[in-house]
Amino acid sequence: MFVGPLPQAEKKAACIHAQGSDPVPSLLDDNGRQSKTADHPPVALEVLRIEAPGARGITVGGIKPKGQHKELGLEAHHAPQGPGQALNLLDNGFKVIVGQRKSKAWDKAVEDGFVPGETLFPIEEAAKRGTIVMFLLSDAGQKAVWPTIEPHMTEGKALYFSHGFPIVYRDQTGVIPPKNIDVILAAPKGSGLTVRRNFLDGSGINSSIAVFQDYTGRAYDRTCAIGIAIGSGYLFPTTFENEVYSDLTGERGVLMGCLAGVMEAQYACLRKNGHDPSEAFNETVEELTQSLIRLVGENGMDWMYANCSTTAQRGALDWKGRFREAVAPLFDELYESVKSGKETEIVLRVNSAPDYRERLEEELSAMRNMEMWQAGAVLRELRPERRSKK
């Protein structure tokens, strides 16, 4: 398995060959519909052989590391996935250049070791220089910047995404790639911070991969190569459409929106019935994040149910179905809102507004100042591992 930085001895002399995964042929039908990448079985890193063939460097689908005149143009370093992917690629021996606006994010890229005029450029210049252009701006940012990027997407290049949003909803974003380039995706199943942290500790993070357009015949190999090099533990083929539909549903649902809403509802119920803030928080958030969800992650929900008290087990089994039936209509509504483009229309409209940052801070401040999360800030400092560091 190949996660985290390449072994030092193999950093400058390794060749990764994808076995059992033929390059995908033409991935657009006559109607311009989605790729067939999902027809491929899940690709585990154990399937990829690592060799040390001298000075050829890391090579898949024409991707080579430093000194081979192939550059990964990455925009932008401040976006959630940008820093983690850039630094992981750099540590794995790839020549990475960063495209960034002159801002605090530019300064952050300099702090991370990128050199203005050598490996750090304005966005347009990075797009011009890059062989594989990793378009990692926010979704609204991609819509705004695409007219600047498009002229530099010349024949044979690859346009890389970590989200299917701009391509699937191209009628809203205007991101319509030229026909003579590859369009590929590797979407880590976690935040950019997690991508970097897991890479450094050697655990990696799984990613979905997809090919939307294969002009060179090497698009699938290119996708696998980048997916590996950013630190993925396993690569799971999907399509651009399925990636964005599931991702937006998950973010608004169990991963964030539903989770926060359910927590707020239970906390409010406990407080209404006389429980103090610490008790309400512990039974709503702390026990979930510090104990139960870790067991689910390690062994599955069924294992956690089988290894809790019989009282908890019986109650959870009895109430699970009622909660499922209560929220199922909301999830159906949510998925349709995602698929129809309603959710993305809201994202682009709100996130492109001149006062977006100010309004966002108001919303986040309201959440931050809720009693539940104020209690959480205090209780987190009482965790044994934090107290031991003081």
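**Details of the overall build of the protein**
Looking only at helices and strands, the protein has 17 helices and 11 strands in total. A total of 390 residues make up the protein; the buried ones form 43% of that total. Long-range pairs, those at least 24 residues apart, make up 73% of the contacts in the protein between residues at least 6 apart in sequence. Taken as a whole, the protein presents about 20,100 Å² of accessible surface, with 54% of it coming from carbon and sulfur.

**Re the pairing of strand β5 (residues 96-99)**
For a regular strand, side-chain orientation follows a simple rule: the groups alternate between the two sheet faces. Of the two faces of β5, both are covered, the one formed by Val96 and Val98 as well as the one formed by Ile97 and Gly99. Handedness of the β5-helix α2 (residues 104-111)-strand β6 (residues 120-121) crossover: right-handed.

**Some points on the nonpolar core**
Residues Phe135, Ile149, Leu159, Phe161, Tyr169 and Phe240 are the most contacted members of the largest nonpolar core, which totals 31 residues. Residues Leu87, Leu89, Met134 and Ala219 belong to the second largest nonpolar core, which totals 27 residues.

**So, the layout of surface pockets**
Of the volumes computed, that of the second largest pocket is approximately 1,500 Å³. At the level of secondary structure, the elements contributing two or more residues to the lining of the second largest pocket comprise α10 (257-272), α11 (277-299), α12 (301-306) and α13 (310-340). Here the lining of the second largest pocket takes 9 residues from α13, the largest share from any one element.

**Observations regarding the confidence of the model for the protein**
Per-chain confidence: the protein averages 81 in pLDDT, with 79% of residues scoring 70 or above. Looking across the protein, the model is least confident in strand β3 (residues 48-51), with a mean pLDDT of 28, and most confident in α10, with 98. Low pLDDT (under 50) marks residues 1-69, which in the prediction has 155 contacts with non-local residues, meaning those over four places away or in another chain.

**Some remarks on a nonpolar patch on the surface**
On the surface, Val254, Leu255 and Met256 cluster together to form a nonpolar patch covering roughly 330 Å² of accessible area. Locating methionine 256 in the fold gives a position in the loop between α9 (240-252) and α10. Methionine 256 gets classed as exposed once you look at its relative accessible area, which sits at 55%.

**Comments concerning the packing of aromatic side chains**
In total, this model carries 10 aromatic pairs according to the counting rule given. Here the aromatic rings of tyrosine 245 and tyrosine 335 are separated by 6.1 Å at their centres, their planes lie at 75 degrees, and the arrangement is edge-to-face. With tyrosine 245 in helix α9 and tyrosine 335 in helix α13, this pair connects stretches of sequence that are 90 residues apart. Judged by relative accessible area, which is 11%, tyrosine 245 ranks as buried. In textbook terms, an aromatic cluster arises when at least three aromatic residues are bridged by ring pairs, as seen for Phe135, Trp146, Phe161, Phe212 and Phe240. The ring of tryptophan 106 has lysine 102 sitting right over it, with the charged end atom 4.8 Å from the ring centre.

**Overview of the pattern of salt bridges**
Here the structure, examined in full by the defined rule, presents 12 salt bridges. Here glutamate 251 ties to arginine 252 by a salt bridge, and the two come within 3.7 Å at their closest N and O atoms. Glutamate 345 is the salt-bridge partner of arginine 349, the closest N and O atoms lying 3.2 Å from each other. Note that arginine 349 and glutamate 345 are positioned in helix α14 (residues 342-351) at a spacing of 4 residues, about one turn of the helix. A relative accessible area of 49% places arginine 349 in the partly exposed class. One salt-bridge network, held together by shared partners, links Glu251, Arg252 and Glu343.

**Some points on the packing of α11 against helix α16 (residues 371-380)**
Each packed pair of helices is defined by two parameters, the angle between the axes and the distance between the axes. The geometry of α11 relative to α16 is characterised by a closest axis approach of 9 Å and an angle of 85 degrees between their N-to-C directions. It follows that α11 is roughly perpendicular to α16 by the angle criterion. Contacts from Pro277, Ser278, Phe281, Asn282, Thr284, Val285 and Glu286 of α11 reach α16 at Glu371, Met372, Trp373, Ala375, Gly376 and Leu379. By residue class, the composition of the contact of α11 with α16 is 7 nonpolar, 4 polar and 2 charged.

**Points about α11**
Every α-helical turn comprises 3.6 residues, leaving residues that sit three or four positions apart pointing alike. If you check α11, its first and last C-alpha atoms are 31 Å apart, about what 23 residues at 1.5 Å a residue would give, namely 33 Å. Residue leucine 288 marks the point of greatest curvature in α11, where the axis turns by about 60 degrees. Of the residues flanking the end of α11, it is glycine 300, one or two places downstream, whose phi is positive at about 105 degrees.

**What to know about α13**
In this model, α13 (31 residues) spans 44 Å end to end at C-alpha, consistent with the 45 Å of a helix rising 1.5 Å per residue. At valine 327, α13 shows its maximal kink, close to 35 degrees; a proline, proline 329, follows between one and four residues later. For α13, the set of buried residues is Leu334, Ser337 and Val338. Buried residues along α13 sit against α9 and α14. One or two steps after α13, the chain reaches glycine 341, where phi turns positive at roughly 95 degrees.

**Brief notes about the side chain of serine 162**
In this structure, serine 162 sits in the loop between β8 (158-161) and α5 (165-168). Among the polar contacts made by the side chain of serine 162, one reaches the side chain of glutamine 85 at a distance of 2.9 Å. A polar contact is formed between the side chain of serine 162 and the side chain of tyrosine 160, at a distance of 3.4 Å. With near-sequence residues (within four places) excluded, serine 162 lies in contact with Gln81, Gln85, Leu136, Leu185, Ala186, Ala187, Pro188 and Glu243.

**Section: the packing of helix α1 (residues 82-91) against helix α7 (residues 192-201)**
Between α1 and α7, the least distance of the axes is 8 Å, while the angle of their chain directions is 25 degrees. Judged by the angle between their axes, α1 and α7 are roughly parallel. Within the contact between the two elements, α1 uses Gly84, Leu87, Asn88 and Asp91 and α7 uses Gly192, Val195, Arg196, Phe199 and Leu200. Looking at the contact of α1 with α7 residue by residue, the class counts come to 4 nonpolar, 3 polar and 2 charged.

Cut-offs used in this document
Residues numbered from 1 in each chain as written. Predicted model: local features only at pLDDT ≥ 70, side-chain atom pairs only at ≥ 80, totals over all residues. Heavy atoms only, no water. Helix = DSSP H or I, 4+ residues; strand = E, 2+ residues; numbered from the N terminus. Buried < 20%, exposed > 50% of the residue type's maximum accessible area, 1.4 Å probe, protein only. Contact = heavy atoms within 4.5 Å. Areas by Shrake-Rupley, 256 points an atom, 1.4 Å probe, with all protein chains shown as cover. Right-handed = clockwise from strand over helix to strand, strands pointing away. Core = buried A, V, L, I, M, F, W, Y, C linked by side-chain atoms within 4.5 Å. 1 Å grid on protein atoms, 1.4 Å probe; cavity = no way out; pocket = protein on both sides within 12 Å on 5 of 7 lines; lining within 4 Å. Points joined across faces, edges and corners; volume = space filled by probe spheres on them. pLDDT = per-residue confidence, 0-100. Patch = residues over 30% accessible without salt bridge, like charges linked within 9 Å, V, L, I, M, F, W, Y side chains within 5 Å. Salt bridge = Lys/Arg side-chain N within 4 Å of Asp/Glu carboxyl O. Phe/Tyr/Trp six-rings, centres within 6.5 Å; stacked < 30°, edge-to-face > 60°. Lys NZ or Arg CZ within 6 Å of the ring centre and 35° of its normal. Axes fitted to C-alpha atoms, helices over the stretch in contact; angles between N-to-C directions. Parallel < 35°, antiparallel > 145°, perpendicular 65-115°, else oblique. Nonpolar A, V, L, I, M, F, W, Y, C, P; charged D, E, K, R; others polar. Expected span 1.5 Å × (residues − 1). Bend = angle between axes of the 7 residues up to and from the residue. Polar contact = N/O pair within 3.5 Å; in protein donor to acceptor, adjacent residues only side chain to side chain.

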